[in-house]
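Now for the letters of each chain:
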Amino acid sequence: RPGGGGGGGGCGEGPAMQSPTGSTPPLVRSSSMLLTSAEEEEEEETGNAFNDFLEKLALAHKEEVKAMRRECAKRDQEIINLRAKLAKSGIRVSSARRSIKPIDVSLLRDEPDDDEQDTDKPTRVQALGSGGAPHKEKCSLQDLSEKRGFGQRVGWQRSLAQEVDYPLEGVILSAQGQAPRKKSSFHEAEIRSPRCLIIPGSTNKLLWDILGLMLICYDCLTIPFNQAFQPDSNVGTAVLDWIALLFWTCDMCQGFFVAYYEAGHVVTCHWRVARHYFLTWFIVDMTIVAPEWAMHVVNADGGGAREVNKLARTLRIFRILRLLRLLKMRKLLNLIADRIESEYTFILFNLVQLLCFVLVFNHVIACIWYLIARLSLDSEGTNWVMVAGVNGTGSPYLYATALHWSLTQFTPASMDISARNFFERLFSIVVLLFAMLVFSSIVASITASMTALRNLRGDEMRQFWLLRRYLRQRNVPKGLSSRIIKFLEHQMSVQNKMVQAGKVTILGALSEALQNELTHQMHSPHLVGHPFFSYLNRTMPAVMHRLCRLALSLQTYAERESLFNAGDEAKKMFFLKSGDMDYFTIDGEAVDPPVQPREWVSEMVLYTHWRHRGEFVANQESELISVHPEQFMSVMSIHPRPWLFAQQYAVKFINYLNSYDSHELLDMIRDDDFYQVSVDLSEDAMLRLGTVAFETNRFT
């Protein structure tokens, strides 16, 4: 405040502004304290504002959650109303789901209600993918882990390169572009063989050999009879002789073009084939065919000269050499026996062989027995024909009498004809010794064959008799009993027609490569309809061969037997090999069209954990090929190339499943576009990953 006097004002202000000690005036200290408290108040106000902002943000989030819940409830109500309208129109919900794409469902929810539906009620539903549902083309393991829904099996997420300290992915590049090496087999040898060579065991060669077998039987019957009884020739026998001569001449020529087996492999080299025939059958065939042609030439040019007739009779004796073709009969009979599938037919075939051998052998003995008597008649000696008084009765009666005597030598029967000179007595002794040493074993073989036939049918009949008693004593219903008996009858019929692998113990001596190839030939035709397995079979045959041996098994199901039910945990993937089966959804509707042979179900179990979405029932006795997931994964891991390919395919397959709502999925997928695109993209991704891994390792 300004002073009124001169010094009063100055003296009054001095003490107030300056302290005796010279420190900060009290007024200044008060201002500093006020400034500090203002900052604290400002900081407190800022904190309060931040807390208010957080509260408002939490409240807004809570309101947004409530709004989203109300929206979801509204959407659910719309879905309920839509289902009610579909049911009111006569359309089942499951049928409506499978008749539209997944993307169309969301669009349908926003459309206004339309009561005018012009859709007929289907009798059968369609499998997933048959309506052309979209699928994603690109995906990765990271996308898969972030996506909700089905996930990969743990085993598919491992890396072969991490298990061993080696960049295995680089091997893919070296494997790509190499032509698959094929193992040698009969069918491949047949394809690679030159056209001018004949493969042994082929159908045409078998038909030719059967015709030769018939001509050998004709020679066995006619040559002994003609040499002994010397009947008059006629047109029929002359024509048959010419046919036989031309056939064996052609057979000798084709011998230079028939391949042969050596050390289990088919030899198709021309000069080796010709050399082999020349050292084996050529001399025998030439010995048989040359006298025949010489005899026909002599008969055509000789006229009636005595020397020519004598030469012709001498050459006619050489016809006996045609019986040397009996050496080929054993091989021909073995070829025919190899084509027999039934064990019952095989035993019967062996029995017929033994009976035919007995008859033909007795036929030859009868002809020789009469030939000895005829030669003694020419020399005016005593013989059985003269003593029995049958001379001049005609060839048929003489042959029947000789055949009767021949049969009595092998049986306990007797007749009034016996040897009357030295040569006949000597021949009788030889025949008796032969019958004692050889024919007894033949009779034993015939008896054993008859016993085997009786036991083969008797054991089966006894087992079914015991089965009927077992079912009756336990009060099993007639319906179930008839199903059990019918199924077992079918099983026994199949087992009798097809030789089971357990009975062929010699298969254990096969190498692993041949076992793989054998199982591949049996099972691969039923798997290659699937694009994934078709790609393996085409580009990685070694993997496919091992897969067929280690991961597959054959299963048989009876009529009306259920393979799995809805809700069951899936254990295997199935391919229908034969029979008739239907797939029913949870709603009880059958998939249209029904499951066809070489079609598959429950593929999902190979890549993810899966529970069946329907029932799979056999309409008749059916055979299926099952694929085991663990063995499948193990086979795929034998090499980085199939492993990466299967990994990429698994990613795309699971993403395809996740593109559908869970209630829309079935155990079957019929989407050819998805399979083809997935296989192509998996191959591209496999090669791309292999290239990146190889380049990264080389750079490092």
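Rules of the game
- Residues numbered from 1 in each chain as written.
- Predicted model: local features only at pLDDT ≥ 70, side-chain atom pairs only at ≥ 80, totals over all residues.
- Heavy atoms only, no water.
- Helix = DSSP H or I, 4+ residues; strand = E, 2+ residues; numbered from the N terminus.
- pLDDT = per-residue confidence, 0-100.
- Contact = heavy atoms within 4.5 Å.
- Core = buried A, V, L, I, M, F, W, Y, C linked by side-chain atoms within 4.5 Å.
- Buried < 20%, exposed > 50% of the residue type's maximum accessible area, 1.4 Å probe, protein only.
- Patch = residues over 30% accessible without salt bridge, like charges linked within 9 Å, V, L, I, M, F, W, Y side chains within 5 Å.
- Areas by Shrake-Rupley, 256 points an atom, 1.4 Å probe, with all protein chains shown as cover.
- Salt bridge = Lys/Arg side-chain N within 4 Å of Asp/Glu carboxyl O.
- Lys, Arg positive; Asp, Glu negative; His and termini not counted.
- Charge placed at Lys NZ, Arg CZ, Asp CG, Glu CD.
- Pairing = 2+ DSSP bridges.
- Axes fitted to C-alpha atoms, helices over the stretch in contact; angles between N-to-C directions.
- Parallel < 35°, antiparallel > 145°, perpendicular 65-115°, else oblique.
- Left-handed = near helix turned anticlockwise from the far one by under 90°.
- Nonpolar A, V, L, I, M, F, W, Y, C, P; charged D, E, K, R; others polar.
- Phe/Tyr/Trp six-rings, centres within 6.5 Å; stacked < 30°, edge-to-face > 60°.
- Lys NZ or Arg CZ within 6 Å of the ring centre and 35° of its normal.

What to know about unusual backbone geometry
- The amide bond that connects D592 to the next residue, P593, takes the cis arrangement and shows omega of 0°.
- Among the structural elements, P593 can be located in the loop between β6 (581-585) and β7 (600-601).

Points about the confidence of the model for the protein
- A residue-level look at the protein finds 73% of positions with pLDDT of 70 or above and a mean pLDDT of 75.
- In the model of the protein, helix α4 (residues 102-110) stands out as the element of lowest mean pLDDT, 35, in contrast to β7, which has the highest, 93.
- Low pLDDT, under 50, characterises residues 1-35; the predicted model gives this stretch five contacts beyond four residues in sequence or across chains.
- In this model residues 164-193 is a low-confidence stretch, pLDDT under 50, and it forms 49 contacts with partners more than four residues away in sequence or in other chains.

Brief notes about the nonpolar core
- Ranked by internal contacts, the top residues of the largest apolar core, which has 46 residues, are F532, F533, L536, Y607, F632, M636 and F653.
- Among the elements of the structure, α21 (531-539), α22 (541-550), β5 (573-578), β9 (622-627), α23 (629-636), α24 (640-658) and α25 (672-699) are those that each provide at least two residues to this core.
- If you tally residues by element for this core, the top one is α24, at 10 residues.
- L351, W384, A402 and F439 belong to the second largest nonpolar core, which has 28 residues in total.

Here's the deal with the environment of Q648
- Along the polypeptide, Q648 turns up in helix α24.
- Relative accessible area serves as the criterion here: at 10%, Q648 is assigned to the buried category.
- Distance from Q648 to E683, taken between C-alpha atoms, is 8.1 Å for residues 35 residues apart in sequence.

Observations concerning a negative patch on the surface
- A contiguous patch of negative charge on the surface is contributed by E39, E40, E41, E42, E43, E44 and E45.
- One can find E39 in helix α2 (residues 26-88).

Here's the deal with the sheet that holds β6
- In space, the three strands of this open sheet follow the order β4-β8-β6, with antiparallel pairing throughout. Edge positions in the open sheet fall to β4 (562-564) and β6, since each of these has one partner strand only. Averaged over all pairs of adjacent strands, the angle between their axes in this sheet comes to 25°, without regard to strand direction.
- Here five bridges tie β6 to strand β8 (residues 614-618), and the two strands are oriented antiparallel to one another. Paired with D582 across the strands is V617, a residue of β8.

With respect to the packing of helix α9 (residues 203-229) against helix α14 (residues 326-338)
- At a minimum axis separation of 10 Å, α9 and α14 run at an interaxial angle of 135°. Overall, the two elements α9 and α14 adopt an arrangement that is oblique. Crossing of α9 over α14 shows left-handed handedness. Of α14, the residues touching α9 (which contributes L206, D209, I210, L213, I216, C217 and C220) are L326, M329, L332, L333, L335 and I336.
- Looking at side-chain class alone, the contact of α9 with α14 contains 12 nonpolar, no polar and one charged residues.

Description of the packing of aromatic side chains
- One pass over the full model with this rule turns up 41 aromatic pairs.
- With centroids separated by 6.0 Å and ring planes inclined at 20°, the aromatic side chains of F357 and F361 adopt a geometry described as stacked. Taken together, the positions of F357 and F361, both in helix α15 (residues 343-378) and four residues apart, correspond to about one turn of that helix.
- F357 gets classed as partly exposed once you look at its relative accessible area, which sits at 42%.
- Plain terms: the ring middles of W369 and W405 are 3.7 Å apart, the flat faces sit at 5° to each other, and that makes the pair stacked. Residue W369 is located in helix α15, and its partner W405 is located in helix α17 (residues 395-408); the two are separated by 36 residues in the primary sequence.
- Its end group placed over the ring of W610, R613 keeps NZ or CZ at 4.5 Å from the ring centre.

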